Protein chains: 2
Amino acid sequence: MTVDRKLNVVPFVSVDHMMKLVLKVGIDTFLAELAATIEEDFHRWPVFDKTPRVGSHSNDGVIELMPTSDGTLYGFKYVNGHPKNTRDGRQTVTAFGVLADAGNGYPLLFSEMTILTALRTAATSALAAKYLARPNSRTMAIIGNGAQSEFQARAFRALLGIQELRLHDIDPAATRKCTRNLTGLGFHIVECKSVADAVEGADIITTVTADKQYATIVSDNHVGPGIHINAVGGDCPGKTEISKEVLLRSDIFVEYPPQTWIEGDIQQLPASHPVTELWRVMAGNAVGRRDDKQITLFDSVGFAIEDFSALRYVRGKIAEFEMFTELDLLADPDEPRDLYGMLLRCEHALKVA
Amino acid sequence: MTVDRKLNVVPFVSVDHMMKLVLKVGIDTFLAELAATIEEDFHRWPVFDKTPRVGSHSNDGVIELMPTSDGTLYGFKYVNGHPKNTRDGRQTVTAFGVLADAGNGYPLLFSEMTILTALRTAATSALAAKYLARPNSRTMAIIGNGAQSEFQARAFRALLGIQELRLHDIDPAATRKCTRNLTGLGFHIVECKSVADAVEGADIITTVTADKQYATIVSDNHVGPGIHINAVGGDCPGKTEISKEVLLRSDIFVEYPPQTWIEGDIQQLPASHPVTELWRVMAGNAVGRRDDKQITLFDSVGFAIEDFSALRYVRGKIAEFEMFTELDLLADPDEPRDLYGMLLRCEHALKVA
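Residues numbered from 1 in each chain as written. Chains lettered and ligands numbered in written order. Predicted model: local features only at pLDDT ≥ 70, side-chain atom pairs only at ≥ 80, totals over all residues. Heavy atoms only, no water.

Under an unreviewed UniProt entry, the name given to chain A is Ornithine cyclodeaminase, and the source organism is Agrobacterium deltaense NCPPB 1641. Recorded under Sequence similarities (unreviewed entry), the UniProt text for chain A is reproduced unchanged: "Belongs to the ornithine cyclodeaminase/mu-crystallin family." (UniProt positions renumbered as here; feature names shortened; annotations may be inferred.)

Asks: I'm lost on the nonpolar core in this one. Help?
Replies: Among soluble globular proteins, nonpolar side chains are generally buried collectively. Ranked by size, the top nonpolar core spans 77 residues in total, and within it Phe30, Leu160, Leu165 and Val314 of chain B carry the most contacts. Per element, the largest residue contribution to this core is eleven residues, and it comes from helix H3 (residues 114-132) of chain B. Leave out the neighbours within four places in its chain, and phenylalanine 30 of chain B touches Leu21, Val22, Val25, Leu116, Leu119, Tyr313 and Val314 of chain B. Ala35, Ile162, Ile204 and Val314 of chain A belong to the second-largest nonpolar core, a separate cluster that totals 76 residues. (Core = buried A, V, L, I, M, F, W, Y, C linked by side-chain atoms within 4.5 Å. Buried < 20%, exposed > 50% of the residue type's maximum accessible area, 1.4 Å probe, protein only. Helix = DSSP H or I, 4+ residues; strand = E, 2+ residues; numbered from the N terminus. Contact = heavy atoms within 4.5 Å.)

Asks: Explain the interface of chain B and chain A here, please?
Replies: It is common to give the size of an interface as the accessible area that goes away when the parts come together. Taken together, the contact pairs 82 residues of chain B with 80 residues of chain A. Interface area for chain B against chain A, summed over the two sides, is near 7300 Å², with a carbon-plus-sulfur share of 68%. On the chain B side of the contact with chain A, Arg337, Tyr340 and Leu343 of chain B bury the most area, a combined 11% of that side's loss. Summed over the shared surface of chain B and chain A, the number is two salt bridges. One salt bridge connects aspartate 171 of chain A with arginine 337 of chain B, and the closest N-O pair in it is separated by 3.0 Å. Along the contact surface separating chain B from chain A lie 32 residue pairs in polar contact (both at pLDDT 80 or more). Sort the elements by how many residues they give to the side of chain B that touches chain A and helix H11 (residues 339-352) of chain B lands first, with nine residues. Tallied by class, residues from the side of chain B that touches chain A come to 43 nonpolar, 21 polar and 18 charged. (Buried area = accessible area lost by both parts, 1.4 Å probe. Salt bridge = Lys/Arg side-chain N within 4 Å of Asp/Glu carboxyl O. Polar contact = N/O pair within 3.5 Å; in protein donor to acceptor, adjacent residues only side chain to side chain. Nonpolar A, V, L, I, M, F, W, Y, C, P; charged D, E, K, R; others polar.)

Asks: What is the right way to look at the domain arrangement of chain A in this model?
Replies: Residues and elements named next belong to chain A. Once the domains are mapped, chain A shows domain 1 (9-115 + 306-352) and domain 2 (131-302). The centre of domain 1, based on its C-alpha atoms, is set 28 Å off from the matching centre of domain 2. Tallying the contact residues gives 18 residues for domain 1 and 21 residues for domain 2. Of the roughly 1800 Å² buried between domain 1 and domain 2, counting both surfaces, carbon and sulfur atoms make up 64%. Per-residue buried area on domain 1 facing domain 2 is highest for Phe42, Trp45 and Arg53; these three make up 28% of the total on that side. Our count for the contact surface shared by domain 1 and domain 2 stands at three salt bridges. Between aspartate 28 and arginine 157 there is a salt bridge; the shortest N-O distance is 3.3 Å. In this assembly, domain 1 and domain 2 are joined by six residue pairs in polar contact (both at pLDDT 80 or more). Those elements giving two or more residues to the side of domain 1 that touches domain 2 turn out to be helix H2 (27-43) and strand E3 (62-69). (Domains from an automatic or database assignment.)

Asks: Sorry, what's going on with the sheet that holds strand E3 (residues 61-69) of chain B here?
Replies: Residue and element names in this part refer to chain B. In spatial order, the strands read E2-E3-E4-E5-E6-E1-E17; together these seven strands make up an open sheet with mixed pairing. On the outer flanks of this sheet lie strand E2 (54-58) and strand E17 (325-328), each paired with one strand and no other. Between one strand axis and the next, the sheet turns by 20 degrees as a mean value, whatever way the strands run. Direction of pairing for E2 relative to E3: antiparallel, over a ladder of five bridges. Paired with histidine 57 across the strands is valine 62, a residue of E3. Sitting on the sheet, helix H1 (residues 15-25) touches strand E1 (9-13), strand E6 (107-112) and E17, and the angle it makes with E1 is about 65 degrees. This element, helix H10 (residues 304-321), spans E1, E3, strand E4 (73-81), strand E5 (95-101) and E6 of the sheet and lies at about 70 degrees to E3. (Pairing = 2+ DSSP bridges. Axes fitted to C-alpha atoms, helices over the stretch in contact; angles between N-to-C directions.)

Asks: How should the relation of the copies chain B and chain A be read in this particular structure?
Replies: The two chain copies are connected by a rotation around an axis plus a translation along it. For the pair chain B and chain A, the superposition axis carries a translation of 0.0 Å, the fit reaches an RMSD of 0.0 Å, and the rotation angle comes to 180 degrees. The relationship between the two copies is best expressed as a two-fold rotation axis. Interface residue correspondence from chain B to chain A reaches 98%, placing this contact among same-surface, isologous pairings. (Least-squares fit on C-alpha atoms with pLDDT ≥ 70 in both.)

Asks: Please clarify how the pattern of salt bridges should be interpreted in this entry.
Replies: As a working rule, side chains carrying opposite charge can pair if their charged atoms are close by. All names here are of chain B. Inspection of every chain in the model, using the stated rule, returns 58 salt bridges over all chains. Linking glutamate 64 and arginine 53 is a salt bridge whose minimum nitrogen-to-oxygen distance equals 3.5 Å. Residue glutamate 64 is found in strand E3, and its partner arginine 53 is found in the loop between helix H2 (27-43) and E2; the two are separated by eleven residues along the sequence. Both residues of the pair, glutamate 64 and arginine 53, belong to the buried class. For arginine 90, the salt bridge goes to aspartate 88, with nearest N and O atoms at 2.6 Å. Overall, arginine 90 belongs to the buried group, its relative accessible area being 17%. For aspartate 88, a relative accessible area of 35% translates into the label partly exposed.

In structure tokens:
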């Protein structure tokens, strides 16, 4: 192995390093800078290789690979979704990812992405709302107070200045956990017994529920004029949150239509229904919010480019904060064609030792 | 993080650990046991989720993801192919992979696969030849004496008892390297100045050249009756090694037809040309070699199931030989829905420290 160039080595960000990195940078700064990186990549959306994620379904869930490339860098995320996992103390969703040099195929970063996905999902939601919600939005309802809820709250405060949260979950313990975690940050928090209660006076409705089934969390009577709906939890086939009536009254914005039609809330609509790609709004070639009466809806499912942006952002930060270890991941023989000779030299070294 | 169950941890096999594992097990035993594991999985071929690999092409090469699942386990490999990499001392092909529990989506193993891919490719070649070459085969020509050549030689000796090697490469230095690496193992090695010279008297012709272009390494006049051709190097679009005339005289065996039609030597043939899936020969529902005059050709491109088998085999071995470290890869909050709370507790711990 060449020690000077260390071609064998890939930087690895563990869960512990990711937490420390986020905390050293500061959660608000991290979310804001991450959103800026995502925005940068959405602005150059057409240069990316795009494909719906590649899923492998089993009885209990799905494992997905989400690759993309801008021609210079390549990234992919591995992510699972297993709703029953919480029964034995596991996460419903875990993830890790790799960023690589597209020019030579060598990985540049291997990182945990369970925490990073929570952050990028929240950053993307808040970024979309920056373009789609009414500019003076201050109050957000959060329906579903599980693992994603606090990240949504933090991102919406960091990017939009959301101050009042109206929390609701079918499990009051989840709401209490969310309130407890967000206490002391200056939010005005109202715990609500019903969806109807939670949406009362909200400028933005965020739905982040976890049921894997066609559910109607938000019904027609919950949604008044001018609302922005941030629909995060309807994110796989058969899993929806927003009633069809609400969808039909809304202008709908999506990440990558071929994937959203499969996974998003719009799977309830005929394929002819018009949707707008979010990147076009950011790039200025499509209209976002037209007026204060319009209902806007971001049908978020999570797309590979957001993970690519997140890995790109983290790669820039870990060098500065030294939050990584080095993995001996890539065979690096003295002579590239002599992979077998590397084994022989290792054998010799073991005999000598 | 729960320390007792260590749900956050994934075993990691570095390059160094992989080399030591292979050497401790013994190269011949490793190749034979790996081939047996691949054979086991080929026998239950229909249970696997199958898809052609998902590639991202750039000017200089390709990065591919190769996923598969048997419903209980899930595996994928990341592999690049960048022919110009050797110019600056990098490997043309590097790889790593993950085996996961399909039932909960949690990774069970993260492993280097550059060395492991070389071993599994050779093991698959020899396994195919066990079914397709004449039973008394003793002499093999190896055309292309790069990184894969010695692994092929070792696997064919371990599984078929190949004793005489006839080596040829357009670069004589590659042949010398191959001879040097294989000296002392009891092979009778003949260095040959041409392909015509190398194939003289060979029972098996193995082609493992690296050019990314339509090349004709093996022509019609090189191939006599009864030969088995192990065509390994024609493995991506536009990259072939075997002349069309030879293909038309051969009975062709492939791994997964939808992928081989894109990547293999058969990309030169009309899609109506008959090919036989190798697993059917192993399972006994298709005929392999009929007689001693027949020319058989294994158009090897490498399929995800072979990598799955390799990861499955390595997973069984690392526990026994303790050849792994533990990576803190999966966020494991005290309460599954409280990912954000895990960040808060880390913040608290940092403040206290």
